[in-house]
Amino acid sequence: DIVMTQSPDSLAVSLGERATINCQSSQSVFYSSNNKNYLAWYQQKPGQPPKLLIYWASIRESGVPERFSGSGFGTDFTLTISGLQAEDVAVYYCQQYYSSWTFGQGTKVEIK
Amino acid sequence: EVQVLESGGGLVQPGGSLRLSCAASGFIFSSYAMSWVRQTPGKGLEWVSGISGDGDSTYYADSVKGRFTISRDNSKNTLYLQMNSLRVEDTAVYYCAKDPGDHPSWFDDWGQGTLVTVSS
């Protein structure tokens, strides 16, 4: 199975500042035949199910604020929250769907 | 509006069985793959099983293969997970999740989850 490793496990960011979460896969999740990275990002708030933010590594789901962006290629990916808002406090997960389906361990984002 | 609602969770002894259901509405159920994803405090999110829109293709995590069976009744817009030979480590919140297409990929809508506790 492809192992997804996120860093850091937690981070505290001041309101309005940038939060950066990294996700590394144990093997490439890039499929050359369609030029796509098979990587998604989710946000989970306490007591709620995960919510899809990003798919194909950089495509924002409908309704997701523009301050959320995804980037990366192959085995290294990043979720960036540009201008952290109080409602962004949550745990964030990456997920690969290249080979079976596996999640990262999660990154907790808090307000500094 | 897409809605998925899980039911059937509860307390069961090790070695026992349980069947989870997921009632879906707000979309053409038979056109979309569906999956079960579970969450434990210690292990985070774990994909458990998936099924294609027509039910012909099923997928399982190694941790549940041979013990769990996923199925769907497209006439009732309902997804199922039959769980047999349950183990303590199967204790988790089980989410029903919709895929954006006919094959499992990412998950664009999730239910609120149902808690399964395996304990003697």
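It should be emphasised that the depicted structure is a prediction, and the values quoted were computed from it without experimental measurement.

Reading the values: the criteria
Residues numbered from 1 in each chain as written. Chains lettered and ligands numbered in written order. Predicted model: local features only at pLDDT ≥ 70, side-chain atom pairs only at ≥ 80, totals over all residues. Heavy atoms only, no water. Pairing = 2+ DSSP bridges. Helix = DSSP H or I, 4+ residues; strand = E, 2+ residues; numbered from the N terminus. Axes fitted to C-alpha atoms, helices over the stretch in contact; angles between N-to-C directions. Contact = heavy atoms within 4.5 Å. Buried area = accessible area lost by both parts, 1.4 Å probe. Salt bridge = Lys/Arg side-chain N within 4 Å of Asp/Glu carboxyl O. Polar contact = N/O pair within 3.5 Å; in protein donor to acceptor, adjacent residues only side chain to side chain.

(A) Main features of the sheet that holds strand β1 (residues 3–7) of chain B. All names here are of chain B. Spatially, the four strands line up as an open sheet ordered β1-β3-β8-β7, and their pairing is antiparallel. If you trace the sheet from one side to the other, it starts and ends with β1 and β7 (68–73), each paired once. Each strand axis lies, on average, 15° off the axis of its neighbour in the sheet, ignoring direction. Bridge count between β7 and strand β8 (residues 78–83): six bridges; the pairing is antiparallel. Along β8, the bridge assignment pairs Arg72 with Leu79.

(B) Just the interface of chain B and chain A, in detail. Between chain B and chain A, the residue contacts involve 16 residues of the former and 17 residues of the latter. Here chain B packs against chain A, burying approximately 1500 Å² in sum over the two surfaces, 68% of which is carbon and sulfur. Of all residues in chain B, the largest losses of buried area upon contact with chain A belong to Leu45, Trp47 and Trp106 of chain B, amounting jointly to 44% of the total for that side. At the surface where chain B touches chain A, the tally comes to zero salt bridges. At the boundary of chain B with chain A, the tally comes to six residue pairs in polar contact (both at pLDDT 80 or more). Residue assignment for the side of chain B that touches chain A shows that the elements contributing at least two residues are β4 (34–40) and β5 (44–51) of chain B.

Purely spatial values, then, with no claim about function.
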